[in-house]
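As a plain string of letters, each chain reads:
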Amino acid sequence: AVFAVISKTTNDVDFISYRSVQGILVYATQILLIGLAETIIIISGNGGVDLSVHYTLGFASVISAFIMRAMYALGLPPALTIAAGFSGGILLTIIPGWINGRLVAKVKGPPFISTLGMGYVLYGVALLISRGQAIADQPNYLGQIGNGDLLYYWPEHGFTWLKIPAAATQTDLQNIVPLVPNVVAITLVVTILIWYILAKTQFGQHIYAIGGNIQASIRSGIPVANVQTRAFTLAAVLAGIAGVIWTSRFTAGASNAGEPTLLFAIAAVVIGGTSMFGGEGRVIGTVIGALIIATIQYGLVILGQQPYWQYVTVGVVVIIAVIVDQLGRRMEHD
């Protein structure tokens, strides 16, 4: 509401529009995917957060771009090249995720230090592979995946899937409405899957149980170490998905692709009501938190504000969320 009023009075821009909704949803995808990763780790009650996920995102981005550039240079089909790049970028994140889990679950290393160390390793490897530069020269159609839409509507002609109608002329393009960006559709599917895992599977219930009371979980026979390892591995895979999506959007791989995302993602988790003490949190809360932060980011861009105001505004929102959460808990106890 604030952005709608200010944008209309200062820039004569309608903030509440379909284009704004699309922009906010696209902004939210990366924050949400990393936020879901942190939600899993925080609910599992390991006493901290995963500080490697944004480095994992950059690592996956570089790996996927490196594979696709090499295969594209060999003249292999774009579909095969993109599939191999995406698969390689995501699957290789299993390794650091598993190592993070074992360090925390078996070695009993503090998550803060263990994941930070792994993050620096991944960042260094990504820099070595990319030589500190963006990995460009990507196959055709990659940008269409990252920046295209699942569905297009052409008034009086109907809907088309995945691409603009071939019969449309340059004049017709302004009348064609893109619906559901591909990256939003992918993120939605992943979000539903994570919700199902946490809410409907034994693994998800074990995560909540361990976060609520780890000693009781051990006594009840839950394989705590294995569950914690799988939680960190799943978090790394989510970061890998975010990494290949970043590569598809910008048609390049970069080691610093996830650099600004970690704090925004943790903020989304906090705003969404996930308890930092573990055992409590919902996927829908993280979704709402990510949308709030994405709305702030998009709104400030529309108003032409400097990027650093995003940090100030998000920080204020997080502080307010913490205060409200603590007041709510005190009222419950009273």
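Each remark here, short or long, concerns the structure printed above.
Turning our attention to a nonpolar patch on the surface. Residues Tyr308, Trp309, Tyr311, Val312, Val316, Ile320 and Val324 make up a contiguous nonpolar surface patch of about 700 Å² in total accessible area. Summarising the element assignment, Val324 is placed in helix α14 (residues 308–333).

Structurally, the position occupied by Ser44 is in the loop between α2 (18–43) and α3 (53–73). In terms of polar contacts, Ser44 uses its side chain to reach the backbone carbonyl oxygen of Ile41, at 2.6 Å. Contact partners of Ser44, with chain neighbours within four places excluded, come to Ile207, Ile210 and Gly211.

So, on to the sheet that holds strand β3 (residues 177–181). Backbone hydrogen bonds are what pair the strands of a sheet, in a parallel or an antiparallel way. Spatial ordering of the open sheet is given by β2-β1-β3, a layout of three strands whose pairing is antiparallel. Whereas interior strands pair on both sides, the edge strands pair on one side only; in this sheet they are β2 (158–161) and β3. This sheet shows a mean twist of 25° between the axes of neighbouring strands, independent of strand direction. When strand β1 (residues 149–154) meets β3, the two strands line up antiparallel, connected through four bridges. Each residue of the ladder has a partner; that of Tyr153, found in β3, is Val177.

Another point: the packing of helix α5 (residues 94–105) against helix α11 (residues 224–250). Axis separation between α5 and α11 bottoms out at 7 Å; the angle between their running directions is 145°. Relative to α11, α5 is oriented so that their crossing is right-handed. Within the contact between the two elements, α5 uses Ile94, Gly97, Trp98, Asn100, Gly101, Arg102, Val104 and Ala105 and α11 uses Ala225, Asn226, Gln228, Thr229, Phe232, Thr233, Ala236 and Val237. When grouped by side-chain class, the residues that make up the contact of α5 with α11 number eight nonpolar, seven polar and one charged.

Now for helix α6 (residues 111–130). A rise of 1.5 Å per residue sets the reference length of α6, with its 20 residues, at 28 Å; its end C-alpha atoms lie 28 Å apart and thus fit the reference within 8%. Taken together, the buried positions of α6 are occupied by Pro111, Ser114, Thr115, Met118, Gly119, Leu122, Ala126 and Ser130. Projected down its long axis, α6 shows its buried positions confined to an angular sector of 130°, all on one face. Relative to its buried face, α6 has exposed residues pointing more than 90 degrees away, namely Ile113, Tyr120 and Leu128. Looking at the buried positions of α6, the neighbouring elements they touch are α3, α5 and α11. Just downstream of α6 lies Arg131, where phi reads positive at about 55°.

It is worth spelling out the packing of aromatic side chains at this point. Scanning all chains against the criterion turns up nine aromatic pairs. Geometrically, the ring pair formed by Tyr308 and Trp309 is tilted, given 6.2 Å between the ring centres and 40° between the ring planes. Given a relative accessible area of 39%, Trp309 falls into the partly exposed group. Feature note: the residues Phe3, Phe15, Tyr27 and Tyr298 constitute an aromatic cluster, connected by ring pairs.

Cut-offs applied
Residues numbered from 1 in each chain as written. Predicted model: local features only at pLDDT ≥ 70, side-chain atom pairs only at ≥ 80, totals over all residues. Heavy atoms only, no water. Patch = residues over 30% accessible without salt bridge, like charges linked within 9 Å, V, L, I, M, F, W, Y side chains within 5 Å. Areas by Shrake-Rupley, 256 points an atom, 1.4 Å probe, with all protein chains shown as cover. Salt bridge = Lys/Arg side-chain N within 4 Å of Asp/Glu carboxyl O. Helix = DSSP H or I, 4+ residues; strand = E, 2+ residues; numbered from the N terminus. Polar contact = N/O pair within 3.5 Å; in protein donor to acceptor, adjacent residues only side chain to side chain. Contact = heavy atoms within 4.5 Å. Pairing = 2+ DSSP bridges. Axes fitted to C-alpha atoms, helices over the stretch in contact; angles between N-to-C directions. Left-handed = near helix turned anticlockwise from the far one by under 90°. Nonpolar A, V, L, I, M, F, W, Y, C, P; charged D, E, K, R; others polar. Expected span 1.5 Å × (residues − 1). Buried < 20%, exposed > 50% of the residue type's maximum accessible area, 1.4 Å probe, protein only. Arc of directions from axis to C-beta. Phe/Tyr/Trp six-rings, centres within 6.5 Å; stacked < 30°, edge-to-face > 60°.

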